[in-house]
Amino acid sequence: MMGGRVTAQHPDKSGTADPPHDGPLLRVEGLVVDLPRPDGAAGDTVRVVDGVSFDVPAGTTVGLIGESGSGKTMTALSVIGLLPDHATTGGELVWRGKNLLRPDTDWRRVRGHQISMIFQDPLAALNPSITIGRQVGEILRRAGRPRAEVRHAVIDLLDRAGVPDPERRMNSYPHEFSGGLRQRAMIALALAGSPSLLLADEPTTALDVTVQARILRLLRSIQREQGLAMLLVTHDLRVVAHVADEVVVMYAGRVAERGPAGAVLRRPAHPYTRALAASVPAVRTKTALADPLPGSPATPANRPSGCAFHPRCPLARDRCKAEVPQAREVAPGRWSACHFAEEVFTP
Amino acid sequence: MVVRRLLIGVFVMWGAASVIFVIVRAAPGDPAAVFLGPDATKEQIARLTATLGLDKPLFEQYVRYLGDVLRLDFGESYRLGRPAMEAVFERLPATVDLTLTATAIAVVAGLALGLVAGSRPGGAVDRVVSAATIALQSFPTFWVGIMLVLTFALGLRLLPSAGVGTPAHLVLPAVTLAFPFTAIVARLTRSSVTESMREPYVQTARSKGLSERQVLLGHALRNSLIPVVTIVGLQMGALMGGAVIVENVFAWPGLGSLVVDAVANRDYAVVQAVTLLIAGIVMVLNIVADVLYIRLDPRIRTEARS
Ligand SMILES: Nc1ncnc2c1ncn2[C@@H]1O[C@H](COP(=O)(O)OP(=O)(O)OP(=O)(O)O)[C@@H](O)[C@H]1O
Ligand code: SF4
Ligand SMILES: [Mg+2]
């Protein structure tokens, strides 16, 4: 396997070879992201990510789930330093023991080589006027690797991502690929720099239903084979159930609940997770009938006071409107940001 | 694809030739009378009219004219006393020098300004460039030419004010001609680059660890160039129009000064030769722009092949 050899020869082109560090590969600690309000005056900002904490241990897949606008994409983008212009951040992103949010972070060494990202729409995410092969191999070429070696690596990467006949297809342009093939090319591109964390923002949402499962299986197998860590952003509970080891449930820019994926989905410790799970048929029960989530999601722009979920929560009472619930460890490894988690959760 | 465009081109040329034929004959004034001056007798005028074939029925003139056009033979220029095409080809190189130099200046300066402005939309450079391009486009060409002459030729005495001979003579006319063109290229490049820099593939490029410069030059510029190439091709035609004014301001011995003189004297042969030649050049430029466009955009390239 060429890719394996690539990693061995160039353990870390950045020269920042990991100093031994304890703890997870990535620790997100009280992450805050403020964005300027689109129509607001200067200085008027919205806190789209509000004190998010979770860990991504090496070699595991963490699912990041929540309704539209809950801040999943912003959380993922901050990990690779690609937030929109004028975004400001707070908290810590501890990557291999070093805080990435410090101003002296050399993002160019982190991006692609240590952390890489695949995006929702592979057609838009690929450059229309550059061949697939060149785009996949660019990071290696820019690292000064000889042409023949880059070519071999590209063929191997495309092959492992399941692009058939890679030697020929590497000369194609993105528009000549089907949706599924484009996402496979995008995966090859993201793996080219031998990263140890892959951020995947809704990697299957833009694809045909029949292709979605195949791409997910591919991601899962690549992640396992290479011992990659993966942060998988999705709004689909079924994806999390199939692929993730850990899950982080977000609501209106905050973490509602986190813990081992299977346990969280089977026995939620937060009313929001419970409602989310009940809204999807096949996850908890075999019944075809699902209860849709009542009400509409809170947005960070007008987040309700106290617990942001309280207008939709069947358990809400006065305390919920007044006091923001802090995440508590309600059972080993199970964290819930609900004042009354014990009423939901049965250990 | 290219063949089809060439066929269309032939039709366009036929149309252009016919329009020129009509316009030249519809214009007031009898060329024979104008040429011979106020003292000419009726007989003299009639004789010259016959020599020029102007007494024949219009349709016969038209058919003969089309035949001449095919052979690139526009007859004698009655003023210059020699074949019109010969005079035109003699003046052509000077105009080509002028327009090519102006194009080179406009493309280089316009791309550079547009790139810098577009890479940071709303930034200081962007605002200066935007204001400057609006100014560049709104000044009339002859005024710009005169201002440049006053400053660089008469004031600073750095460059010759008119005439030909040395490369220095080319500077002022070429810059004058390039002014509005630079503005067009800069504005288009700017908006095109700004748009490209918002595309998701730019995020992908950044996610590979590329510098902003590498993202701009390696990913955004390529796609931004596609519309710019088309406009450069189309605008070079308009540039030949601008050349007429510039050549007259700077006494530049090209087609522009030739055609102004010919129009003033109803020198049909020369007017027709120059106009058709310019129409032909514009047509070829458009085809070249189309072909380049196809080459640059792989999506259109695929369509073109199938
Ligand atoms: N460029 C931007 N400027 C200002 N606000 C933005 C911008 N992009 C997103 N937002 C806001 O930030 C909040 C979080 O957005 P984010 O994209 O992280 O949500 P998400 O959970 O990924 O949702 P989705 O499932 O729709 O992708 C939303 O309320 C959104 O309106
Ligand atoms: S804190 Fe209150 S409103 Fe929020 S989820 Fe828990 S019970 Fe519901
Ligand atoms: Mg999103």
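- In the nomenclature of an unreviewed UniProt entry, chain B corresponds to Peptide/nickel transport system permease protein from the organism Nonomuraea jiangxiensis.
- Here chain B is described in UniProt, under the heading Sequence similarities (unreviewed entry), as follows: "Belongs to the binding-protein-dependent transport system permease family."

- According to the UniProt record, the Subcellular location (unreviewed entry) comment for chain A is "Cell membrane".
- UniProt lists a comment for chain A under the heading Sequence similarities (unreviewed entry), and it reads "Belongs to the ABC transporter superfamily."

**Things to note about the domain arrangement of chain A**
Put simply, an interface is often sized by how much accessible area is lost when its parts join up.
All names here are of chain A.
Here's step 1: Structurally, chain A comprises domain 1 (26-114 + 195-343) and domain 2 (122-194).
Here's step 2: The C-alpha centroid of domain 2 is placed 29 Å from the C-alpha centroid of domain 1.
Here's step 3: Facing the 16 residues of domain 1 at the interface are 13 residues of domain 2.
Here's step 4: Counting the surface lost from both domain 1 and domain 2, the interface buries some 1200 Å², and carbon and sulfur atoms represent 70% of this.
Here's step 5: Among the residues domain 1 hides against domain 2, the three largest losses belong to H113, P195 and L218. Together they make up 33% of the total.
Here's step 6: At the boundary of domain 1 with domain 2, the tally comes to zero salt bridges.
Here's step 7: Seen at the junction of domain 1 and domain 2, the total is one residue pair in polar contact (both at pLDDT 80 or more).

**What about the pattern of salt bridges?**
All names here are of chain A.
Here's step 1: Counted under the stated rule, the structure contains 27 salt bridges over all chains.
Here's step 2: Its salt-bridge partner being R109, residue D106 comes within 3.7 Å of it at the nearest N-O pair.
Here's step 3: Take R109: its relative accessible area is 40%, and that puts it in the partly exposed class.
Here's step 4: For E167, the salt bridge goes to R151, with nearest N and O atoms at 3.9 Å. Here E167 is found in helix α7 (residues 166-169), whereas its partner R151 is found in helix α6 (residues 147-160), with 16 residues between them in sequence.

**With respect to the sheet that holds strand β4 (residues 88-95) of chain A**
Residues and elements named next belong to chain A.
Here's step 1: As summarised here, the arrangement of the four strands in space is β2-β1-β4-β5, forming an open sheet in which the pairing is antiparallel. Edge positions in the sheet fall to β2 (45-56) and β5 (98-99), since each of these pairs with one other strand and no more.
Here's step 2: Alignment of strand β1 (residues 26-36) against β4, held across seven bridges, turns out to be antiparallel. The partner of L26 across the bridge, within β4, is W95.
Here's step 3: In the packing of helix α2 (residues 72-79) onto the sheet, contacts are made with β1, β2 and β4, and the angle to β1 comes to roughly 115 degrees.

About the thresholds
- Residues numbered from 1 in each chain as written.
- Chains lettered and ligands numbered in written order.
- Predicted model: local features only at pLDDT ≥ 70, side-chain atom pairs only at ≥ 80, totals over all residues.
- Heavy atoms only, no water.
- UniProt positions renumbered as here; feature names shortened; annotations may be inferred.
- Domains from an automatic or database assignment.
- Contact = heavy atoms within 4.5 Å.
- Buried area = accessible area lost by both parts, 1.4 Å probe.
- Salt bridge = Lys/Arg side-chain N within 4 Å of Asp/Glu carboxyl O.
- Polar contact = N/O pair within 3.5 Å; in protein donor to acceptor, adjacent residues only side chain to side chain.
- Buried < 20%, exposed > 50% of the residue type's maximum accessible area, 1.4 Å probe, protein only.
- Helix = DSSP H or I, 4+ residues; strand = E, 2+ residues; numbered from the N terminus.
- Pairing = 2+ DSSP bridges.
- Axes fitted to C-alpha atoms, helices over the stretch in contact; angles between N-to-C directions.

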